[in-house]
Amino acid sequence: MPQHRIHARSHLSRRAVLRTIGIAGLAVASQSAWADQSVELPIAGEPRQRPVTHDFPQKGSMILQRIRPPLLETPMEVFDRGVFTPNDQFYVRWHWAVIPTKVDADAFRLAVRGHVNQALSLSISDLLSMPRVELAAVNQCSGNSRGLFSPRVPGAQWAHGAMGNARWTGVLLKDVLDRAGVKLGAVQVRFNGLDEPVVPEAPDFRKSLDVDHARDGEVMIAFAMNGEQLPLLNGFPLRLIVPGWYSTYWVKMLSDIEVLDRADDDYWMTTAYTIPDTPHANIAPGQTGVKMVPISRMVPRSFFTNVTDGASLPAGAGAAIRGIAFGGDAGVARVELSMDDGRTWQPVTLDEDYGKYSFRRWQTSIPQLTKGSHSLMVRCTNLSGDVQTAMPNWNNSGFMRNVIETVHVTAI
Ligand SMILES: Nc1nc2c(c(=O)[nH]1)N[C@H]1C(S)=C(S)[C@@H](COP(=O)(O)O)O[C@H]1N2
Ligand SMILES: [Mo]
């Protein structure tokens, strides 16, 4: 769906947005109390087993990567059910453990300040009375699929479920900045949320965008996802949406926007979330002296959603295969499948297009399989001509994986 402005009230009721939600008790449960089931992730290192939890507020069945602060991964089969990831199974990632357990949306204010003509303090109703936009976009953690990096790197050992696709509803950041009036000489805009580090010396999680990017008419402040208010763990009541960019910039529980007349030199912009300034952020393990730059736009990826690595398929029969793809910061141009280790590629059928930042479902049928092992590979090319790589990229942070994914199946 193309981005469009919605001036009329949408189905989103003000009352739903103003509800408060508690997550009391989050901090006290022990790991074992959450583990009623488990799942084996297709990651490189041991342990591969993870508990499956149903116990986080507003969340259904999720893969538990960490309790506090919560890291919850979306099970792969969720992506097989539809192009939009349901809110109750949308992945969760926080850096610091001091997260408000409830937010009173009536009392909540969004500050806009710094290098502006007029500092603002906006209520949720102020934002609800502004022109609305809606956009489908993929939210993907920079470290999605880090668990497949080899050699291994520290950090959450995610499989492919640190991503999700939603319809985001909100207001343009540009409209909010225009209300405050950005002064000449503004360089970046910094975003901060209600969460805090556990110790005061630790750096508060904040992220910045160049002022031109912030005012590009796409970056938005969302108050709803998939037509409902944001789950608390996904940033209720407001979050930043930076279409096509890794979600480290998608600041949750957004409460403070500060226009800077200089480049942000914070830890979270200059040290954390930086990548080697090389194609695909790729370096050799152990390589040093590489210029580092902040991570930014996403690159194309594609996945199988109805076959998993190690699956069995019936021999002597064809099979319907499907999955999802996304183009990163450009739309999906094509998705192709290979059954001969990447020598030849066949185009698959693309399902409905929800805009260039969205997941795109794809499907195909494969010819009958002979008994034995087969490998299936899927590759996405975006409209800028970026294509997934044949060799996996590597960097110290486990960021930006976009190698062609392969599943090995046995026909029996
Ligand atoms: N306030 C706040 N916003 C944040 C973060 C955070 O720690 N605090 N983490 C960022 C990172 S690194 C990711 S991957 C996404 C995760 O978004 P989600 O939990 O809604 O899926 O939130 C981003 N926004
Ligand atoms: Mo992330």
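Keep in mind that this is a model prediction, so the values were computed, not measured.

Undergrad: If you had to explain the site of ligand 1 to someone new, which residues and values would you point to?
TA: Near ligand 1, the surroundings consist of 18 residues, among which Tyr91, His95, Asp195, Arg239 and Lys252 are the closest. Between ligand 1 and the protein, one listed contact pairs an oxygen atom with a backbone N or O atom of tyrosine 91 at 2.7 Å. Alone, ligand 1 offers 530 Å² of accessible surface; in the complex the protein occludes 100% of this. Across the shell around ligand 1, the residue classes tally to 9 nonpolar, 5 polar and 4 charged.

Undergrad: Pulling in residues and values, what's your account of the sheet that holds strand β11 (residues 188-193)?
TA: In space, the 5 strands of this open sheet follow the order β8-β7-β16-β11-β12, with mixed pairing throughout. Edge positions in the sheet fall to β8 (120-122) and β12 (206-210), since each of these pairs with one other strand and no more. Looking at each pair of strands side by side, their axes are set apart by 20 degrees on average, direction ignored. The strands touched by helix α5 (residues 173-180) are β7 (110-114), β8, β11 and β16 (254-260); relative to β8, the strand with the most contacts, the crossing angle is about 135 degrees.

Undergrad: I'd like a rundown of unusual backbone geometry, residues and numbers included.
TA: A cis amide bond links glutamate 46 to the next residue, proline 47, at an omega of -10 degrees. Mapped onto the elements, proline 47 comes out in the loop between β2 (37-40) and β3 (49-53). Although it is not a glycine, glutamine 58 adopts a positive phi angle of roughly 65 degrees. Within the secondary structure, glutamine 58 is located in the loop between β3 and β4 (62-66). Residue glutamine 58 is classed as partly exposed on the basis of its relative accessible area of 31%. The backbone of methionine 400 shows a phi angle near 65 degrees, a positive value even though the residue is not glycine. Structurally, methionine 400 can be placed in the loop between β26 (372-382) and β27 (405-411). Residue methionine 400 is classed as buried on the basis of its relative accessible area of 8%.

About the cut-offs
- Residues take numbers from 1 onward in each chain, read along the sequence in its written order.
- Going through the entries in the order they are written, you letter the chains from A and number the ligands from 1.
- With the structure being a predicted model, the display of local features is reserved for residues of pLDDT at least 70 and the display and counting of side-chain atom pairs for 80 or more, all residues being used for whole-chain, interface and lining totals.
- Only hydrogens and water are set aside; all other atoms, that is, all heavy atoms of the structure, feed into the side-chain values.
- Summary of the distance rule: residues count as near a molecule or strand when at least one heavy atom falls within 4 Å of that molecule or strand.
- In protein, a polar contact means a hydrogen-donor-capable atom and an acceptor-capable atom, both N or O and within 3.5 Å, with residues adjacent in sequence counting only if both atoms are side-chain atoms; elsewhere, any N or O pair within 3.5 Å suffices.
- In these tables, accessible area is a Shrake-Rupley quantity obtained with a 1.4 Å probe, and a residue counts as shielded only by the protein chains included in the view.
- Polar here means any residue outside two lists: the nonpolar Ala, Val, Leu, Ile, Met, Phe, Trp, Tyr, Cys and Pro, and the charged Asp, Glu, Lys and Arg; Gly therefore counts as polar.
- The rule for pairing is simple: two strands pair if DSSP sees at least two bridges between them.
- Where helices and strands are cited, they refer to DSSP runs of H or I of at least four residues and of E of at least two residues respectively, numbered from the N terminus.
- The axes are straight lines fitted to the C-alpha atoms, using for helices just the contacting stretch, and the angles between their N-to-C directions are given from 0 to 180°.
- The contact criterion used is simple: two residues touch if any of their non-hydrogen atoms lie within 4.5 Å.
- Think of it in three bands: residues with accessible area under 20% of the maximum for their type are buried, residues over 50% are exposed, and the middle band is partly exposed, with areas taken using a 1.4 Å probe on protein chains only.

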